[in-house]
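A look at the structure
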Amino acid sequence: MIEAVSVIKRFEDTVALHSFSAEIHRGSVYGLIGSNGSGKSTFLRLAAGVYRPDGGMVRVDSEPVFENEKIKKRIFFVSDDFYYFSQATMEEMARFFEGIYPCFSMEHYRKTAALFPIDPKKKIQTFSKGMQRQVALILGLAAQADYLLLDETFDGLDPVIRAALRRILADDVACRNTAVIITSHNLRELEDMCDQVGLLHKGNILFQKEIDALKLGFCKVQAAFRPLPDLDRLREQLDILQLETRGSLLNMVVRGSSEQVLSALESYGPLFAESLPLTLEEVFINEMEAVGYDYNNVLF
């Protein structure tokens, strides 16, 4: 488990993280979302042992990670500007990491590399940024570390490559009980990958929950009436977060189960009523508004 307890990190007069606390357990994919400058990359560097916290503590499996060589060999950090040796090929970088990570598997490296359109003997500096990200991910997966930290790693990857990587990461988590942390500013990107998401703003976690638990608390309903029901009465019956009417069509986001909401609407004699799935972004918007934050101002 990666555990951050009341972590503070400063850079001169700038406080990057303020009383940051989180727990990320093995066997899960944790999505950390936030706008640029919210502290996402700083947290990953603390979790990887690159930075020392100025306050609080960061532990991996109950041990401090900073300057802890034994723990660092169990963590692979793919930064936004992943470093390669000048003139190196992917094959040469694989040999380098094989000497650092005790569980690095050349067999796994070659098997994973074969899934991507990359020549392992070409110099990495000749690759596009998207291809360089793929190289970093291939090396990270081959290291077979217990903790894989990915900083905006899916940016610039095409949909086919993203889908392949999602599948590979899911298999890795299931088979080896790893923990994956993915930072992003795009909830849609994380929705199909993560078990849990946290929203970071101005150096602190505003909100974190398991995705399944998030979605269970809301439903989106579309219904048609002729005429429309008394909306004030409807608001008294249901915990309506959003309501929009277009002619005889009523669209609502409601806190509660779809069964409860549809049952309440039946008494108004709808022409039809159906429950629609919410996106993770819609759920977050409503949760943030419920605790007094404007989601758009927090994230963008």
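Everything in this summary refers to the structure shown in the same document. (Residues numbered from 1 in each chain as written. Predicted model: local features only at pLDDT ≥ 70, side-chain atom pairs only at ≥ 80, totals over all residues. Heavy atoms only, no water.)

Here we take up the overall build of the chain. Along its length, the chain carries 12 helices and 14 strands. Its C-alpha atoms put the chain at 70 × 45 × 30 Å along the principal axes. Counting across all 300 residues of the chain, residues that qualify as buried make up 49%. Within the chain, contacts between residues at least 6 apart in sequence are counted, and of these 67% link residues at least 24 apart. (Helix = DSSP H or I, 4+ residues; strand = E, 2+ residues; numbered from the N terminus. Buried < 20%, exposed > 50% of the residue type's maximum accessible area, 1.4 Å probe, protein only. Contact = heavy atoms within 4.5 Å.)

The strand order across the open sheet built from 4 strands is 2-1-4-5, with neighbouring strands paired in antiparallel fashion. Every other strand in the sheet has two partners, leaving strand 2 (14-24) and strand 5 (63-64) as the edge strands with one partner each. Bridging between strand 1 (residues 2-11) and strand 2 involves 7 bridges; their strand directions are antiparallel. Bridge assignment links Lys 9 to a residue of strand 2, and that residue is Leu 17. Strands strand 1, strand 2 and strand 4 (55-60) of the sheet are contacted by helix 1 (residues 40-47), whose axis makes an angle of about 120 degrees with strand 1. (Pairing = 2+ DSSP bridges. Axes fitted to C-alpha atoms, helices over the stretch in contact; angles between N-to-C directions.)

The omega angle of the peptide bond from Arg 226 to Pro 227 is 0 degrees, so this bond is cis rather than trans. In this structure, Pro 227 sits in the loop between strand 11 (218-224) and helix 9 (231-237). In the Ramachandran plot, Glu 12 falls in the positive-phi region, its phi being about 55 degrees despite a non-glycine side chain. By the element assignment, Glu 12 lies in the loop between strand 1 and strand 2. Of note, the phi angle at Ser 19 is positive, near 55 degrees, even though the residue is not glycine. Turning to its location among the elements, Ser 19 is positioned in strand 2.

It is worth spelling out the pattern of salt bridges at this point. What the rule picks out here adds up to 17 salt bridges. A salt bridge links Asp 146 to Arg 26; its shortest N-O distance comes to 3.3 Å. Linking Asp 146 in the loop between helix 5 (129-143) and strand 7 (147-151) with Arg 26 in the loop between strand 2 and strand 3 (28-33), this pair joins segments that are 120 residues apart in sequence. According to the relative accessible area criterion, Asp 146 is buried, its value standing at 16%. Taking relative accessible area as the criterion, Arg 26 reaches 30% and is therefore assigned partly exposed. Linking Glu 69 and Lys 73 is a salt bridge whose minimum nitrogen-to-oxygen distance equals 3.6 Å. By relative accessible area, Lys 73 is classed as partly exposed at 34%. When salt bridges that share partners are traced, they join Arg 26, Asp 61, Arg 74 and Asp 146 into one network. (Salt bridge = Lys/Arg side-chain N within 4 Å of Asp/Glu carboxyl O.)

With that settled, the discussion passes to the sheet that holds strand 13 (residues 249-255). With antiparallel pairing, 4 strands are arranged side by side in an open sheet as 12-13-11-14. In this open sheet, the two edge strands, each paired with only one partner strand, are strand 12 (239-246) and strand 14 (272-276). In this sheet, neighbouring strand axes are inclined to one another by 20 degrees on average, regardless of whether the strands run parallel or antiparallel. In this structure, strand 11 lies alongside strand 14, joined through 5 bridges in antiparallel fashion. Directly across from Lys 220, in strand 14, lies its bridge partner Leu 276. Set on the sheet, helix 10 (residues 258-266) makes contact with strand 11, strand 13 and strand 14; between it and strand 11 the angle comes to about 25 degrees.

Alternating residues of strand 6 (residues 75-78) divide into Ile 75 and Phe 77 and Phe 76 and Val 78, and every residue in both groups is buried. Relative to strand 7, strand 6 is paired through 4 bridges, and the arrangement is parallel. Directly across from Phe 77, in strand 7, lies its bridge partner Leu 149.

What follows deals with the pairing of strand 7. Every other side chain in a regular strand lies on the same face of the sheet, so the side chains alternate between the two faces. The buried fraction of strand 7 amounts to 5 of the 5 residues, a majority that puts the element mostly inside the structure. Where burial is concerned, the two faces of strand 7 agree: the one with Tyr 147, Leu 149 and Asp 151 and the one with Leu 148 and Leu 150 are both buried. Relative to strand 8 (residues 179-184), strand 7 is paired through 5 bridges, and the arrangement is parallel. Considered in strand 8, the bridge of Leu 148 is made with Val 180.

What is shown is where atoms sit, not what they do.
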